[in-house]
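Chain by chain, the residues run as shown.
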Amino acid sequence: MAKQFTVAEIANFLGAAYKGENITITGLNTLEEAQSTELSFLANPKYIKQAETTKAGALIIREDQAHNVQNAILCDNPYFAFARCMGLFAEKEGCFEGISEFASIHPSAVIGENCTVYPFTVIGAHAKIGDGCTIFSGVYIGEHCEIGNGCTLTPNCVLMSRTRLGENCYLQPGAVLGGEGYGFVRTDFGVQKIPQIGHVHIGDNVEIGANTTIDRAALAKTAVGNGTCIDNLVQIGHNVQIGEECFIISQVGIAGSTKVGNKCTLAGQVGLSGHLNIGDNVTIGPQAGVTKDIAENSVVSGSPTMDYNTYMRYCILLPKTPELFKRVSALEKQIAKLEERLENNK
Amino acid sequence: MAKQFTVAEIANFLGAAYKGENITITGLNTLEEAQSTELSFLANPKYIKQAETTKAGALIIREDQAHNVQNAILCDNPYFAFARCMGLFAEKEGCFEGISEFASIHPSAVIGENCTVYPFTVIGAHAKIGDGCTIFSGVYIGEHCEIGNGCTLTPNCVLMSRTRLGENCYLQPGAVLGGEGYGFVRTDFGVQKIPQIGHVHIGDNVEIGANTTIDRAALAKTAVGNGTCIDNLVQIGHNVQIGEECFIISQVGIAGSTKVGNKCTLAGQVGLSGHLNIGDNVTIGPQAGVTKDIAENSVVSGSPTMDYNTYMRYCILLPKTPELFKRVSALEKQIAKLEERLENNK
Amino acid sequence: MAKQFTVAEIANFLGAAYKGENITITGLNTLEEAQSTELSFLANPKYIKQAETTKAGALIIREDQAHNVQNAILCDNPYFAFARCMGLFAEKEGCFEGISEFASIHPSAVIGENCTVYPFTVIGAHAKIGDGCTIFSGVYIGEHCEIGNGCTLTPNCVLMSRTRLGENCYLQPGAVLGGEGYGFVRTDFGVQKIPQIGHVHIGDNVEIGANTTIDRAALAKTAVGNGTCIDNLVQIGHNVQIGEECFIISQVGIAGSTKVGNKCTLAGQVGLSGHLNIGDNVTIGPQAGVTKDIAENSVVSGSPTMDYNTYMRYCILLPKTPELFKRVSALEKQIAKLEERLENNK
């Protein structure tokens, strides 16, 4: 049975007033898809017509826009109020509790208070797990790993030895931290592997997406700062340093030893070469290919990257390239004719 | 021991005639690599010389092309006949049967008839598995998941809570469905996480590639339609809607809330921005970056995308860009000279 | 307790002389980050100032550059000597030994001498594992797989049936080998699946990255040659043939039936279309999109690809494209004026 609350309970949770009937709300949904027991919201006034005709049982809405809405919770910022409600309705993932007797936990590992450890999990020697952590099935935690309080490792995550997570980190399924960095060189006597003896250190409140991979450093550490949110299928190479509160969107790849500042946003499928310095507050557009340092506060796009305004003009012009070649050919003919004419005029 | 059949048995299976010796066939292979007990085929007449000299024990071939072929199964469409034979020789993956006592199945979960559940699998509370399903080892199925009849979840697939699969779906290893959508916003008081309370709904006969990730919706559902085939390492964001019988090739990324119509083909490494509408029967070339809606029946390529014909011309011209800059510089000099000459002529 | 050695022991291991104090070294680090009990190195003379002021307890350095360095191990090639030391300090991953009673091993499977098999591993019928292999938890090894001596399969790797690994292969976590190739065709009667009855054959000394996927062939085999090193999140399609000692960097995608020669380097996020021939010693730049064969010894970049020198010029000119359009428009106006003037001069 999913959660349910009355309109009054939700209004109370938000510290807001409500008007209309105090119905029971069984879920949250968009204006378009909401049903009669669901709560929706109006953030952008251009959808006000939709708000007035939605099937939703109640709306979170600004008071000045609620004239024609029957059941309404009245808030100044409906978007944030609705986001808070999403937390109210969110269900805890997982139904197992306690430490499974079918987990393989090394006797030297230390597990904190109030942890959940699912069956079929391996926790290696000298690993330390903080309080209130949840470790789902199929997770592997190598020797000497250190995991802060309140972390969640969803199914099939892997932390190779000596990986550290701060507090309240959340790893989506299949994330791999601490796999060996790519350290190979061609030599006269064949390919040589450079052992990777560094580790991965993750800050507090970091989110890591499904099947994302973060390699351990050659030396010292690969690091991700507090509050950074990494999406699915991202590759982070050895010795990369990512700052705080960055947004790294899906399928981004960051090559070895590159440093990314604080509060940067890397859109989907961006690629960064190795050994770069990306300043604070940098935004990089989707699929961009970055081969040079980027100064703080820049907005860039393209492969190779250019500043955002140039890129937007380039995007409009690009499909006109074939036409441009024709125009230049035409100019060349015109010029030749003019020159010929002047020659004859002499 | 792999499967084997006589030429006569195979011809009979295909409803076709054969000529030559009724030898035993132990496998299928290409004209180039087939050995004397293997069956091959000729689909494209330009390879007829190879067909006449192959080491294959027998060929599937059109009768009018079979004059110089000794052992032949005679079919009008050798390609499809051969594809059917591949089904004949295909071996069932996996050797375990029944419900393993080393699977962790919640007492409230319902498992259909004739299912196989490998060891080290977790099936959560209130999950429902249809008849004839195979669940390999390392799979995690969250609470309230619903899986239709005849589905196969290969090793280490993850379905987070309330994910639904239709009938006859096939998930390659490591696929993750229902991980949390990427819902983060920067605010004055730090990064806020928007809980993702929607789910993932997959239609019938859907194939999902290895290590592919499909995120659960913020609200309502992320959906994939019947018969759609998704390759490996694909990212499908929260609230994406994909139609029926689409082909989504490897490493494609689709950002949140984008809608893809029916029978679309997205080639490898394509990226789609969020909140787009892609019509039916759209084909998008490899590595394309899509930032705008695409009308039905379009064929587009490039990053940014343009129509296919423009793109093909662009591809030819692109390497000539440096030359074009030189040509324009030359024109500028010529014009300057002409102007000077006209000035002097005055 | 991490490993430690004296400077004398390390010098002895390298066959080198040392000067200064014979202190105990507890780890290796960069010049920048090394502490007083750590060893660092100077490879590039431009960092000599840093070498003279580093906090490192000792340095590996060329004798002629060591004047102002107190504790030094004197080597002609400090980089390689240091790489060898990394092997010395590298810790074995994993602390389990023997064959776990919580592994599910089919009675017909054959496990070599001195193998480690973690709990929660499945090894299928007729699988053969060589001597000295380590199989971590969550690994699935299908029927008839063959694994050479000295291989390591880290947590959650999957080998579907009949996959073969040569000797001394190392698979990072979550790698999937032998998943079904993408074989679907649209027909008048809906999408048809072409069963994939081939396999995956991997040579000796091959490294495969985390969450990388290598599909089994439609017929015959998908093959990776000896000594090839594949990074994380790479997709290798069915029937791809990769030669020896190739470097395939992260997030590369190679479509079906493409052949890559020996000693090729494919940089990050490169995409190769299907059925191509890439010669030996080819280098392909990051994010390149390859749709045509490439001759041996070529260096190419870009999407579409061009030769490296053209690409580098193109990269400089690309942001000037908007300007180029303006220049051409200006020329057109100038020409029109000139023509008008000449017309009036008549």
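Cut-offs applied
Residues numbered from 1 in each chain as written. Chains lettered and ligands numbered in written order. Predicted model: local features only at pLDDT ≥ 70, side-chain atom pairs only at ≥ 80, totals over all residues. Heavy atoms only, no water. Helix = DSSP H or I, 4+ residues; strand = E, 2+ residues; numbered from the N terminus. Buried < 20%, exposed > 50% of the residue type's maximum accessible area, 1.4 Å probe, protein only. Contact = heavy atoms within 4.5 Å. Areas by Shrake-Rupley, 256 points an atom, 1.4 Å probe, with all protein chains shown as cover. Lys, Arg positive; Asp, Glu negative; His and termini not counted. Charge placed at Lys NZ, Arg CZ, Asp CG, Glu CD. Axes fitted to C-alpha atoms, helices over the stretch in contact; angles between N-to-C directions. Parallel < 35°, antiparallel > 145°, perpendicular 65-115°, else oblique. Nonpolar A, V, L, I, M, F, W, Y, C, P; charged D, E, K, R; others polar. Phe/Tyr/Trp six-rings, centres within 6.5 Å; stacked < 30°, edge-to-face > 60°. Lys NZ or Arg CZ within 6 Å of the ring centre and 35° of its normal. Salt bridge = Lys/Arg side-chain N within 4 Å of Asp/Glu carboxyl O. Pairing = 2+ DSSP bridges. Patch = residues over 30% accessible without salt bridge, like charges linked within 9 Å, V, L, I, M, F, W, Y side chains within 5 Å. Least-squares fit on C-alpha atoms with pLDDT ≥ 70 in both. Expected span 1.5 Å × (residues − 1). Buried area = accessible area lost by both parts, 1.4 Å probe. Polar contact = N/O pair within 3.5 Å; in protein donor to acceptor, adjacent residues only side chain to side chain. pLDDT = per-residue confidence, 0-100.

Q: Would you take a moment to explain the overall build of chain A for this structure?
A: For chain A, the helix and strand inventory stands at 5 helices and 39 strands. C-alpha atoms of chain A, sized along the principal axes, occupy 100 × 75 × 30 Å. The burial tally for chain A puts 59% of its 346 residues in the buried class. Put simply, 18% of the contacts in chain A that link residues at least 6 apart link residues at least 24 apart. Only carbon and sulfur atoms are counted for the fraction: they give 48% of the accessible area of chain A, which is about 13900 Å². Positive and negative charge centroids in chain A, built from 26 and 35 side chains respectively, lie 11 Å apart.

Q: Just to check I follow, could you spell out the packing of helix α5 (residues 321-345) of chain B against helix α4 (residues 308-317) of chain C for this structure?
A: Describing two packed helices takes the angle between their axes plus the distance from one axis to the other. At a minimum axis separation of 8 Å, α5(B) and α4(C) run at an interaxial angle of 55 degrees. Judged by the inter-axis angle, α5(B) sits oblique to α4(C). When α5(B) is examined against α4(C), the residues Thr321(B), Pro322(B), Phe325(B) and Lys326(B) are found in contact with a partner set consisting of Thr310(C), Arg313(C), Tyr314(C) and Leu317(C). A per-class count over the contact of α5(B) with α4(C) returns 4 nonpolar, 2 polar and 2 charged.

Q: Help me understand the packing of aromatic side chains in this model?
A: Scanning the model with the defined rule gives 36 aromatic pairs over all chains in all. Aromatic side chains Phe136(A) and Tyr140(B) sit 5.6 Å apart centroid to centroid with 85 degrees between the ring planes, which places their arrangement in the edge-to-face category. A residue pair is termed interchain when its members come from two chains, as with Phe136(A) in the loop between β13 (134-135) and β14 (140-141) and Tyr140(B) in strand β14 (residues 140-141). When sorted by exposure, Phe136(A) lands in the same class as Tyr140(B), which is buried. Taking 4.2 Å as the distance between ring centres and 20 degrees as the angle between the ring planes, the aromatic pair formed by Phe41(C) and Phe82(C) counts as stacked. Of this pair, Phe41(C) sits in strand β5 (residues 38-41) while Phe82(C) sits in helix α3 (residues 78-89), and the two are 41 residues apart along the sequence. Under the relative-accessibility criterion, Phe41(C) is labelled buried at 18%. The residue whose ring lies beneath Arg84(A) is Phe13(A), and the NZ or CZ to ring-centre distance is 4.9 Å.

Q: Please clarify how the pattern of salt bridges should be interpreted in this entry.
A: Two side chains bearing opposite charge may form a pair once their charged atoms approach each other closely. Inspection of the entire model under this criterion finds 22 salt bridges over all chains. One salt bridge in this structure joins Glu93(B) and Arg216(C), with 3.3 Å as the shortest N-O distance. Here Arg216(C) lies in strand β25 (residues 213-216) and Glu93(B) lies in the loop between α3 (78-89) and β8 (104-105), a pairing that spans two chains. Of the two residues, Glu93(B) and Arg216(C), neither departs from the other in class, the shared state being buried. Within this structure, Glu93(A), Glu207(A), Glu180(B), Lys193(B) and Arg216(B) form a network of salt bridges that share partners.

Q: Explain the pairing of strand β20 (residues 176-180) of chain C here, please?
A: One face of the sheet, then the other: side chains in a regular strand alternate in exactly this way. Residue and element names in this part refer to chain C. Counting buried positions over the 5 residues of β20 gives 5, a clear majority of the element. Pairing between strand β17 (residues 158-159) and β20: 2 bridges, direction parallel. Directly across from Val 158, in β20, lies its bridge partner Val 176. The pairing of β20 with β25 spans 4 bridges and is classified as parallel. Residue pairing for β25: Glu 180 is matched across the bridge by Arg 216.

Q: Mind showing me how you'd approach the pairing of strand β21 (residues 184-187) of chain C here?
A: All names here are of chain C. Relative to strand β22 (residues 190-193), β21 runs antiparallel, the two sharing 4 bridges. The residue of β22 that forms the bridge with Phe 184 is Lys 193. Hairpin connection, β21 to β22: the antiparallel pair is bridged by 2 residues.

Q: Honestly, a nonpolar patch on the surface in this entry has me stumped. Any pointers?
A: All names here are of chain A. A cluster of nonpolar side chains, Val 299, Tyr 308 and Met 312, forms an exposed patch at the surface whose accessible area comes to about 250 Å². If you trace the backbone, Tyr 308 turns up in helix α4 (residues 308-317). Residue Tyr 308 is classed as partly exposed on the basis of its relative accessible area of 37%.

Q: Looking at this structure, I do not really get the relation of the copies chain C and chain B. What am I missing?
A: Both copies of the chain are tied together by a single rotation about an axis and a shift running along it. Of the two same-sequence chains, chain C is brought onto chain B (RMSD 0.1 Å, axial shift 0.0 Å) by a rotation of 120 degrees. As the rotation angle and translation indicate, the two copies are arranged about a three-fold axis.

Q: Got a minute to help me understand the sheet that holds strand β20 (residues 176-180) of chain B in this structure?
A: Two strands in a sheet stick together by hydrogen bonds in their backbones, pointing the same way (parallel) or opposite ways (antiparallel). Within the open sheet, the 10 strands sit side by side as β8-β11-β14-β17-β20-β25-β28-β31-β34-β37 (chain B). Their pairing is parallel. The open sheet is flanked by β8 and β37 (289-290) of chain B, the only strands paired with a single partner.

Q: Can you help me understand the environment of Thr291(C) in this one?
A: Summarising the element assignment, Thr291(C) is placed in the loop between β37 (289-290) and β38 (299-301). Beyond its immediate sequence surroundings of up to four residues, Thr291(C) is in contact with Ser273(C) and Leu276(C).

Q: I tried to follow the sheet that holds strand β2 (residues 17-19) of chain C on my own but got confused; where do I start?
A: Residues and elements named next belong to chain C. The strand order β2-β7-β6-β5-β4 describes an open sheet built from 5 strands, whose pairing is mixed. Edge positions in the sheet fall to β2 and β4 (27-28), since each of these pairs with one other strand and no more. With 3 bridges connecting them, β2 and strand β7 (residues 72-74) associate as antiparallel partners. When the sheet's bridge partners are listed, Tyr 18 is paired in β7 with Ile 73. This element, α3, spans β4, β5 and β6 (58-61) of the sheet and lies at about 150 degrees to β5.

Q: Just checking my understanding: could you explain α5(B) for this structure?
A: Given 3.6 residues per helical turn, the α-helix brings residues three or four places apart onto the same face. For α5(B), spanning 25 residues, the distance from its first C-alpha to its last is 36 Å, which sits close to the expected 36 Å at 1.5 Å a residue. Buried within α5(B) we find Thr321(B), Pro322(B), Leu324(B), Phe325(B), Arg327(B), Val328(B), Leu331(B), Ile335(B), Leu338(B) and Leu342(B).

Q: Help me understand the interface of chain B and chain A, please; the structure alone is not making it clear to me.
A: How big an interface is tends to be reported as the loss of accessible area on association of its parts. Taken together, the contact between chain B and chain A spans 72 residues of the former and 71 residues of the latter. Across the interface of chain B and chain A, roughly 5700 Å² is buried in total on both sides, 64% from carbon and sulfur atoms. Considering only the side of chain B, the residues that lose the most area to chain A are Tyr182(B), Arg186(B) and Leu219(B), jointly responsible for 13% of the buried surface there. At the junction of chain B and chain A, the tally comes to 4 salt bridges. Between the two partners, chain B and chain A, sit 31 residue pairs in polar contact (both at pLDDT 80 or more). Of all elements in the fold, only β20, β21 (184-187), β22 (190-193), β25 (213-216), α4 (308-317) and α5 of chain B reach the threshold of two or more residues within the side of chain B that touches chain A. The biggest single contributor to the side of chain B that touches chain A is α5(B), with 11 residues. Split into classes, the residues belonging to the side of chain B that touches chain A amount to 34 nonpolar, 27 polar and 11 charged.

Q: Got a minute to help me understand the confidence of the model for chain A in this structure?
A: Any segment with low pLDDT has predicted coordinates that should not be analysed in fine detail. Summing up the model confidence of chain A, the mean pLDDT is 95 and the portion of residues at 70 or higher is 99%. Interface confidence for the predicted complex, expressed as ipTM, amounts to 0.95; the pTM equals 0.96.

Q: How should the side chain of Thr154(A) be read in this particular structure?
A: Along the chain, Thr154(A) turns up in the loop between β16 (152-153) and β17 (158-159). Owing to a relative accessible area of 0%, Thr154(A) belongs among the buried residues under this scheme. At 2.6 Å, the side chain of Thr154(A) forms a polar contact with the backbone oxygen of Leu171(A). Residue contacts for Thr154(A): discarding those within four places in its chain leaves Phe136(A), Val139(A), Tyr170(A), Leu171(A), Gln172(A), Pro173(A) and Met160(B).

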